[in-house]
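# Coordinates in review
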Protein chains: 2
Amino acid sequence: MAVTMNDVARAAGVSLKTVSNVLNDYEFIRPATKQRVQDAIAELGYEANLTARSLRSGKSKMLGLVLSDLSAPYYAELASRLMKAASRRGYRVLVEQSDAVADVELNALQGPFRQLTDGLLFTPLMIDADAIAARLGRKPLVLLGEHILDSRFDLVTMKNEEAAAALTARLLSGGRRRIAVIGAHSGESAGSAGLRLNGYRKALDQAGVPFDPALVAPCQWRRDNGAAAVAGLLEGGVEFDAVFGLNDALALGALHELLIRGVRVPREVAVAGFDDIDEARFASPSLTTVAPGMEEIAERSIGLLVDRIEGRETSGGGVQVEAGFLLQVRESAP
Amino acid sequence: MAVTMNDVARAAGVSLKTVSNVLNDYEFIRPATKQRVQDAIAELGYEANLTARSLRSGKSKMLGLVLSDLSAPYYAELASRLMKAASRRGYRVLVEQSDAVADVELNALQGPFRQLTDGLLFTPLMIDADAIAARLGRKPLVLLGEHILDSRFDLVTMKNEEAAAALTARLLSGGRRRIAVIGAHSGESAGSAGLRLNGYRKALDQAGVPFDPALVAPCQWRRDNGAAAVAGLLEGGVEFDAVFGLNDALALGALHELLIRGVRVPREVAVAGFDDIDEARFASPSLTTVAPGMEEIAERSIGLLVDRIEGRETSGGGVQVEAGFLLQVRESAP
DNA sequence: TTCCTGCCATACATCGTTGCAGACCCCAGC
DNA sequence: GCTGGGGTCTGCAACGATGTATGGCAGGAA
């Protein structure tokens with residue numbers, strides 16, 4: 001069996017509790033004793049049993065991350081950064097893929113997943129604020145993204161609306177007047193899709209360009225959907241001189257479909273996306289997009305969550321953080 | 001506090017152990033008793049404390065996954081599939097990013113990470129078979145990828161050499177004679193880079209085409225490295241009519257650089273990759289590559305690991321699994 | 001009746017750690 | 001010499017579950 005505290009205690013000639021005290025940096029221990037214990041630990045190769053510690057202390061030093069699909073590039077990059085930020089603070093991240101299924105999201109909030117972790121980073125897609133509030137235990141929860149805007153919750157988000165507006169304005173100033181939007185989620189207003197669509201409309205208004213619903217293509221946020229959406233527009237005879245993909249995957253799918261069909265980008269149709277995933281820089285033509293300050297999002301959300309867990313952040317209402325953004329102008333929409 | 005078994009026992013009017021027995025499907029329980037316990041569980045909303053169970057039973061129902069970087073598309077897609085395969089068997093996956101740092105890899109093998117999990121899926125990059133063997137505890141370990149070929153370990157891999165040879169042969173049969181290879185790792189022979197390079201050389205031999213070391217560009221496996229490698233070849237005055245990126249990220253970086261410099265693909269230079277990440281299909285031109293049977297890899301490796309953990313697979317030596325592959329011929333190298 | 005066997009339920013110890021309360025020692029102050 | 005208090009260390013209980021051993025009760029065999 002593994003070496004336990006008891007073995008260390010025996011080897012060092014002290015009580016089990018003293019070993020515990022050394023490990024937990026208890027103040028009043030004679031340097032000599034401390035040294036003896038540490039020597040014994042080193043000699044026996046003792047490692048604390050995290051499960052037992054967890055049972056006793058009620059803390060697991062693990063954070064939960066709930067997102068729809070880790071294979072989506074944006075989430076993959078985000079998860080990677082979140083894990084590094086957590087690691088710097090002594091935490092691990094346990095990931096749960098919801099596949100955008102409501103039941104999975106609900107279970108993540110109250111089921112075993114919640115129990116295993118000290119706090120949750122949650123990207124709600126299918127459930128609303130009340131469903132979350134009803135299941136909100138005593139453990140900290142930080143929402144990621146913008147599906148829920150509710151002052152009850154901590155939230156780390158990005159300037160979706162402003163960024164989408166800025167990007168749209170950029171397309172407009174380049175002379176584009178019929179900008180197709182793909183990836184809208186009909187009926188949704190508070191989510192990323194809704195906010196970005198809002199930004200788009202505001203920029204149009206600002207420029208005095210009429211909004212044409214025919215230019216809006218609703219679909220999920222994957223490359224193949226982007227391609228299909230563009231195909232649909234072209235085959236439907238809808239005229240457009242630019243495509244705004246509500247995320248990069250969509251925009252890259254759209255770009256691919258346009259090129260296949262012999263549409264010249266950006267000459268005939270400009271293409272822009274949102275997220276600035278690594279892939280965007282290396283597309284051909286490279287993709288104009290919005291860089292949402294992912295590092296800031298990762299750092300702030302982990303920071304906030306850990307502060308809540310360790311009791312450094314105690315404000316009653318939700319803390320709302322909005323990360324900055326940067327327009328990345330590249331070849332697809334110069 | 002949370003509801004415990006004791007509360008359930010009291011509510012159902014049975015002993016704590018009987019509740020435990022109901023939960024663990026013990027055979028001899030009167031249906032009426034069982035029902036009473038289940039009612040109490042439902043009424044109180046009892047959920048088993050996984051930490052306590054874990055401490056007592058020594059099993060956590062978690063698998064560890066060690067890889068270099070979750071934001072690399074291949075690993076992201078693989079991790080996503082592994083997590084789903086694990087979930088089907090009642091396990092969760094805890095991911096550790098090694099950043100290809102030897103110390104992190106070593107710690108994952110014996111440190112707290114190992115302790116938290118019932119078994120490990122490990123992609124060794126910086127450490128060798130002996131280092132692994134020296135730290136191999138009693139918990140199951142399945143190696144992923146090919147850095148280590150050693151009959152002591154369970155290993156799930158792909159047909160790197162055959163696939164690379166098949167891809168190279170395809171380029172040769174298309175009339176390409178000077179095929180640049182990017183992403184080689186000098187001095188390495190057993191890793192993915194080494195094996196794929198081997199396959200390349202074998203195909204050349206087979207076709208009677210001489211091997212030219214000037215065509216081999218060593219670098220890490222990211223998009224920017226691929227771009228830089230191609231830039232280096234072009235600026236070094238090396239002539240080539242095809243580029244074989246040892247993974248897709250490299251190939252896509254290379255493709256981007258070629259197009260930027262006005263090289264026509266595939267007319268002047270064909271480009272091929274390895275991995276068939278989703279992005280490959282949507283590149284422009286779409287990328288010819290090798291689909292390594294990722295679903296098979298995910299399913300088999302999780303299956304093997306869980307079988308080891310649950311004692312269904314007990315063979316002494318290492319089980320070696322080699323997944324099939326498929327050539328995906330697309331526009332970049334028709 | 002007595003004993004045994006099969007079914008059902010229980011008590012107790014245990015996993016490895018931490019929180020709480022207290023024991024002990026030593027020195028300063030009265 | 002006694003008291004008080006700060007520093008140093010210890011013992012016991014507890015976290016919430018499971019394994020082992022065993023206790024009862026029914027019904028059938030002797």
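Residues numbered from 1 in each chain as written. Chains lettered and ligands numbered in written order. Predicted model: local features only at pLDDT ≥ 70, side-chain atom pairs only at ≥ 80, totals over all residues. Heavy atoms only, no water.

As a further point, take the overall build of chain A. On a plain count of helices and strands, chain A comes out with 14 helices and twelve strands. At 25 Å, chain A has a C-alpha radius of gyration far larger than the 20 Å of a compact globule built from 334 residues. With the C-alpha coordinates of chain A rotated into their principal frame, the extents come out at 85 × 40 × 30 Å. The proportion of buried residues among the 334 residues of chain A is 53%. Across chain A, every contact between residues at least 6 apart in sequence was considered, and the portion connecting residues at least 24 apart equals 69%. Of the roughly 14,300 Å² that chain A leaves accessible, carbon and sulfur atoms contribute 50%. Looking at charge distribution, chain A has the averaged site of its 37 positive side-chain charges lying 5 Å from that of its 42 negative ones. (Helix = DSSP H or I, 4+ residues; strand = E, 2+ residues; numbered from the N terminus. Rg over C-alpha atoms; globule rule 2.2 N^0.38 Å. Buried < 20%, exposed > 50% of the residue type's maximum accessible area, 1.4 Å probe, protein only. Contact = heavy atoms within 4.5 Å. Areas by Shrake-Rupley, 256 points an atom, 1.4 Å probe, with all protein chains shown as cover. Lys, Arg positive; Asp, Glu negative; His and termini not counted. Charge placed at Lys NZ, Arg CZ, Asp CG, Glu CD.)

The interface is formed by 47 residues belonging to chain B together with 47 residues belonging to chain A. At the boundary of chain B with chain A, total buried surface from both sides reaches about 3,900 Å², with 60% on carbon and sulfur atoms. The closest approach of N and O atoms between A:Arg92 and B:Glu96, which form a salt bridge, is 3.3 Å. Across the contact surface, chain B and chain A share 18 residue pairs in polar contact (both at pLDDT 80 or more). Contributions of two or more residues to the side of chain B that touches chain A are made by α4 (50-57), α5 (73-88), β2 (92-97), α7 (112-116), α11 (223-235), α12 (248-260) and α13 (278-282) of chain B. Residues of the side of chain B that touches chain A, tallied by class, amount to 21 nonpolar, 13 polar and 13 charged. (Buried area = accessible area lost by both parts, 1.4 Å probe. Salt bridge = Lys/Arg side-chain N within 4 Å of Asp/Glu carboxyl O. Polar contact = N/O pair within 3.5 Å; in protein donor to acceptor, adjacent residues only side chain to side chain. Nonpolar A, V, L, I, M, F, W, Y, C, P; charged D, E, K, R; others polar.)

Further remarks concern the side chain of B:Asp69. Counting through the fold element by element, B:Asp69 comes out in the loop between β1 (62-67) and α5. Within the buried set, B:Asp69 has no salt-bridge partner at all; the shortest N-O distance to an opposite charge, 4.4 Å, is to A:Lys84. One polar contact links B:Asp69 to A:Ser80, side chain to side chain, over a distance of 3.3 Å. Here the side chain of B:Asp69 touches B:Ser71 through a polar contact of 2.9 Å, landing on its backbone nitrogen. Once residues lying within four places of it in the same chain are set aside, the contact partners of B:Asp69 are A:Ser80, A:Lys84, B:Tyr75 and B:Gln97.

Quick look at the protein's contact with DNA strand C now. The full set close to DNA strand C counts 24 residues, and A:Tyr46, A:Arg56, B:Thr18, B:Thr33 and B:Arg56 are the nearest of them. A share of 66% is what sugar and phosphate atoms reach among the atoms of DNA strand C within 4 Å of the protein. Contact between DNA strand C and A:Arg53: a phosphate oxygen at 2.9 Å from a side-chain N or O atom of the residue. A:Arg56 has a polar side-chain atom sitting 2.4 Å from a base oxygen of DNA strand C. The set of elements that each furnish at least two residues to the surface near DNA strand C consists of α2 (16-23) and α4 (50-57) of chain A together with α2 (16-23) and α4 of chain B. (Near = heavy atom within 4 Å.)

Bringing the sheet that holds strand β6 (residues 179-184) of chain A into the picture now. Residue and element names in this part refer to chain A. Taken in spatial order, the four strands make up an open sheet running β7-β6-β8-β9, and their pairing is parallel. A single partner strand is all that each edge strand has here, and the edge strands are β7 (216-218) and β9 (270-272). On average, each strand axis in the sheet is inclined to that of its neighbour by 15°, with strand direction left out of account. Bridge analysis of β6 against strand β8 (residues 242-245) gives four bridges, and the strand direction is parallel. Residue pairing for β8: Val181 is matched across the bridge by Phe244. (Pairing = 2+ DSSP bridges. Axes fitted to C-alpha atoms, helices over the stretch in contact; angles between N-to-C directions.)

A separate point is the pairing of strand β5 (residues 154-158) of chain A. Residue and element names in this part refer to chain A. The element β5 is extensively covered by neighbouring structure, given that five of its five residues are classed as buried. With burial as the criterion, each face of β5 is covered, one bearing Asp154, Val156 and Met158 and the other bearing Leu155 and Thr157. Pairing of strand β4 (residues 141-144) with β5, which is carried by three bridges, proceeds in the parallel orientation. Bridging across to β5, Leu143 finds its partner in Leu155. Sheet analysis places β5 next to strand β11 (residues 320-323), joined by four bridges and oriented parallel. From the neighbouring strand, Met158 faces β11, where its bridge partner is Ala323.

Our focus in this paragraph is the relation of the copies chain B and chain A. Superposition of chain B onto chain A requires a rotation of 180° combined with a translation of 0.0 Å along the rotation axis, giving an RMSD of 0.1 Å. Such a combination of turn and shift is consistent with a two-fold rotation axis. Most of the interface of chain B is mirrored in chain A, where 100% of its interface residues are also at the interface. (Least-squares fit on C-alpha atoms with pLDDT ≥ 70 in both.)

As a further point, take empty space enclosed by the protein. In the structure shown here, the tally under the stated rule is one cavity of 30 Å³ or more. Elements with a contribution of two residues or more to the lining of the largest cavity: α12 (248-260) and α13 (278-282) of chain A together with α12 and α13 of chain B. Counted by class, the lining of the largest cavity contains eight nonpolar, two polar and two charged residues. (1 Å grid on protein atoms, 1.4 Å probe; cavity = no way out; pocket = protein on both sides within 12 Å on 5 of 7 lines; lining within 4 Å. Points joined across faces, edges and corners; volume = space filled by probe spheres on them.)

Reports often express the size of an interface as the amount of accessible area lost when the parts come together. Residue and element names in this part refer to chain A. Partitioning chain A into domains gives domain 1 (5-48), domain 2 (62-157 + 294-323) and domain 3 (160-292). Relative placement of domain 2 and domain 3: their C-alpha centres are 28 Å apart. Taken together, the two surfaces of domain 2 and domain 3 that pack against each other cover about 910 Å², and 52% of this comes from carbon and sulfur. On the surface where domain 2 and domain 3 come into contact, there are zero salt bridges. Between domain 2 and domain 3 we count one residue pair in polar contact (both at pLDDT 80 or more) in total. (Domains from an automatic or database assignment.)

On to helix α1 (residues 5-12) of chain B, then. All names here are of chain B. If you check which residues of α1 are buried, you get Met5, Val8, Ala9 and Ala12. Around the axis of α1, the buried residues are gathered within 100° of arc, so they sit on the same side. Among the exposed residues of α1, those pointing more than 90 degrees away from its buried face are Arg10 and Ala11. The N-capping residue of α1, defined by a side-chain oxygen 3.1 Å from the backbone nitrogen of Asn6, is Thr4. (Arc of directions from axis to C-beta.)

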